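Residue-level structural notes
Letter by letter, the chains look like this.
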Amino acid sequence: MTDKQTDIKTTVTGIPTPSATQDALAEQPTLKEVIKSQTASEDTPLSANLTFGRILGGDILNTSTIRRQIWLFLLVVVFIILYISNRYSCQQSLIEIDKLQKELLDAKYKAQATGNKLTELSRESNVLDMLKANNDSTLKMPTQPPYLITVPEK
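Residues numbered from 1 in each chain as written. Predicted model: local features only at pLDDT ≥ 70, side-chain atom pairs only at ≥ 80, totals over all residues. Heavy atoms only, no water.

1. Structural notes on the overall build of the chain
Looking only at helices and strands, the chain has seven helices and zero strands in total. Listing each helix as α and each strand as β along the chain from the N terminus yields α-α-α-α-α-α-α. Pairs at least 24 residues apart make up 7% of the contacts formed inside the chain by residues separated by at least 6 positions. Here the chain has roughly 14400 Å² of accessible surface; of this, 63% comes from carbon and sulfur atoms. (Helix = DSSP H or I, 4+ residues; strand = E, 2+ residues; numbered from the N terminus. Contact = heavy atoms within 4.5 Å. Areas by Shrake-Rupley, 256 points an atom, 1.4 Å probe, with all protein chains shown as cover.)

Pasting the structure below:
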């Protein structure tokens with residue numbers, strides 16, 4: 001049978017004859033050939049007509065250059081993760097420092113207020129007033145200025 005007759009037989013009946021199936025299989029490449037052709041096309045170097053669409057489509061990731069540099073990319077990713085974690089820990093430290101500085105300022109103000117109260121309560125006039133109120137002492141405020149005693153030098 002000729003090619004025209006097999007084409008007619010397959011198209012008229014709708015079911016291909018065994019010889020037509022064998023001819024069609026002979027024309028198709030084998031699985032091994034298909035895999036070789038795909039790997040060969042994927043390993044081709046990056047062409048000069050690199051377009052934005054090809055980059056977004058992922059064609060740049062199929063090149064052998066990118067495959068050779070995968071460890072560099074992983075190293076960069078590790079450094080980025082370290083940078084982000086270091087920045088986070090620094091920010092946490094700065095927040096802690098600000099919190100402790102506020103606590104220190106509050107403690108200073110409290111100590112200053114307590115020291116001022118103590119100074120006010122320990123003045124001579126306040127001590128005498130408290131002693132008079134409790135009738136604990138006969139001390140009085142002097143009405144005369146203190147005497148100056150001069151000692152002659154030899």
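2. Description of the confidence of the model for the chain
Looking at the chain, pLDDT values average 80 and 77% of them are 70 or higher. The least confident element of the chain is helix H1 (residues 3-13), whose mean pLDDT is 51; the most confident is helix H6 (residues 70-121), at 96. (pLDDT = per-residue confidence, 0-100.)

3. Describing a nonpolar patch on the surface
Together, Leu-72, Leu-75, Val-76, Val-78, Phe-79, Ile-80, Leu-82, Tyr-83 and Ile-84 make up a nonpolar patch on the protein surface, roughly 880 Å² of accessible area in all. Relative to the assigned elements, Leu-75 resides in helix H6. (Patch = residues over 30% accessible without salt bridge, like charges linked within 9 Å, V, L, I, M, F, W, Y side chains within 5 Å. Salt bridge = Lys/Arg side-chain N within 4 Å of Asp/Glu carboxyl O.)

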